[in-house]
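Read off the chains here:
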Amino acid sequence: MGLGFSAEGRPIFANRHGTPGGRRVLVIGVIHGDEDDGLAIVNNLSTQPVPDGVELWLVESMNPDGQANLDRHNGNSVDLNRNFPYKWGPIGEPGNGQYAGTGPASEPETQAIVNLISQLQPDIAIWYHQDLFVVNPASGREGRVRARYAELAGLPMGQITGGTYTGIAATWARNELSGNDGVAFIVELGSTLSPTEAATHADAVRTIAVEG
Ligand SMILES: [Zn+2]
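What this report covers is the structure whose coordinates are included nearby. None of the values given here were measured: they were computed from a predicted structure.

Reading the values: the criteria
- In every chain, residue numbers begin from 1 and rise along the written sequence.
- Since the coordinates come from a predicted model, pLDDT governs what is reported: local features require at least 70, and pairs of side-chain atoms require 80 or more to be given and counted, while whole-chain, interface and lining totals use all residues.
- Numbering of helices and strands runs from the N terminus, with a helix taken as a DSSP run of H or I at least four residues long and a strand as a DSSP run of E at least two residues long.
- Radius of gyration means the value over C-alpha atoms here, while the globule rule gives 2.2 Å times the residue count to the 0.38 power.
- Exposure is read from a count of other C-beta atoms within 10 Å of each residue's own; the residue is exposed at 12 or fewer, buried at 20 or more and partly exposed in between. C-beta atoms are placed from the backbone.
- A pair of residues counts as a contact when their C-beta atoms, built from backbone coordinates, are separated by no more than 7 Å.
- Structural elements are reduced to axes, namely lines fitted to C-alpha atoms, with helices fitted over the stretch in contact, and the angle between N-to-C directions of any two is expressed from 0 to 180 degrees.
- Two helices cross in a left-handed way if the nearer one is turned anticlockwise from the farther one by less than a right angle. They cross in a right-handed way if the turn is clockwise.
- Put simply, Ala, Val, Leu, Ile, Met, Phe, Trp, Tyr, Cys and Pro go in the nonpolar bin, Asp, Glu, Lys and Arg in the charged bin, and everything else, Gly too, in the polar bin.
- When DSSP finds two or more bridges between a pair of strands, those strands are recorded as paired.
- The span expected for a helix works out to 1.5 Å for each residue beyond the first.
- Any nonpolar core is a set of buried residues, restricted to Ala, Val, Leu, Ile, Met, Phe, Trp, Tyr and Cys, that join up through C-beta atoms within 7 Å.
- For the handedness criterion, the strands are oriented away from the viewer, and a crossover whose path from the first strand over the helix to the second runs clockwise is classed as right-handed.

What about the overall build of the protein?
Secondary structure assignment for the protein yields 6 helices and 7 strands. Helices (α) and strands (β) of the protein occur, in sequence order from the N terminus, as β-β-β-β-α-β-α-α-β-α-α-β-α. For a compact globule of 212 residues, the expected C-alpha radius of gyration is about 17 Å, and the protein comes in at 16 Å, within 12% of that figure. The 212 residues of the protein split such that 48% are buried. Across the protein, the fraction of contacts at a sequence separation of at least 24, relative to all contacts at a separation of at least 6, is 73%.

See below:
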């Protein structure tokens, strides 16, 4: 289904697979336009059988402008992973690497995903990035699911540091989904992803979707 359009007018889509009414799992393949290896994982998830009892929602890309422009940002030079409306803060200006936009959810891509997640209330949401090759640890159920994913996918656990982390998509989603103990996290892939590795990641998604 169509979720809306990017700053430069490109459509953003979500596709549903699997068991209607099952455990809802949302996977977003691309948020930073120049970090697009998650596409191969989404492609595997869309073409292989979904485990029974799982309602799988796939957004290939929430940043088609960035993909077309081979750029991290959307068509307004905004870092979409600094634009989400929870603990948003101003960062930089157009041209700055982490420019956060003019305000919380100022960008149409952010609004499209905020609307989708607010309506779907997925149990688990995942965003793919590159190329730090790590999953951040966390506590509680969130931490257990992340650690299981990392184990299955062969990624180390470790802290991502060094940036300014306001307006992050997964942080917003975690807050949005907290009433149902929902899980939302970032997977930092490496600089490349082989077809075999993409299949391993897709298997990890299917496994945590079943295990919860
Ligand atoms: Zn990224």
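Past the structure itself, the notes keep going.
A short note on the packing of helix H4 (residues 140–153) against helix H6 (residues 195–211)
Their axes nearest at 9 Å, the elements H4 and H6 cross at an angle of 145 degrees. As H4 runs across H6, the sense of the crossing is right-handed. Facing Val145, Arg148, Tyr149, Leu152 and Ala153 of H4, the residues of H6 in contact are Thr200, His201, Asp203, Ala204, Thr207, Ile208 and Glu211. Residue composition of the contact of H4 with H6, grouped by class: 6 nonpolar, 3 polar and 3 charged.

Here we look at the sheet that holds strand S7 (residues 183–189)
The 5 strands lie next to each other as S3-S5-S4-S6-S7, forming an open sheet whose pairing is mixed. Of all the strands in the sheet, the pair left with one neighbour each is strand S3 (15–18) and S7. With strand direction ignored, the average angle separating the axes of adjacent strands in the sheet is 20 degrees. Across 4 bridges, S3 lies against strand S5 (residues 54–61) in antiparallel orientation. Directly across from Asn15, in S5, lies its bridge partner Leu58. This element, helix H1 (residues 38–47), spans S3, strand S4 (23–30), S5, strand S6 (124–130) and S7 of the sheet and lies at about 145 degrees to S4.

Some remarks on helix H3 (residues 108–120)
Taking 1.5 Å of rise per residue, the 13 residues of H3 would be expected to cover 18 Å, and the 18 Å separating its terminal C-alpha atoms lies within 8% of that figure. Taken residue by residue, H3 has Glu109, Thr110, Ala112, Ile113, Val114, Leu116 and Ile117 as its buried positions. Contact partners of the buried residues in H3: strand S1 (2–5), strand S2 (11–13), S4, S6 and helix H5 (169–176). Note on H3: the residue one or two positions beyond its end, Gln121, has a positive phi of about 50 degrees.

As for the nonpolar core
Counting residues in hydrophobic clusters, the biggest one holds 61 residues, and the most contacted among them are Val25, Val27, Met62, Ile126, Ala169 and Val205. Dropping the residues within four chain positions of it, Ile126 is found in contact with Val27, Ile28, Phe185, Val187 and Val205.

Regarding the pairing of S4
Most of S4 sits out of view: 7 of its 8 residues are buried. Each parallel crossover has a hand, and for S4 linked through H1 to S5 it is right-handed. One ladder, built from 4 bridges, connects S4 with S6; its direction is parallel. Among the inter-strand pairings, Val27 is bridged to a residue of S6, identified as Ile126.

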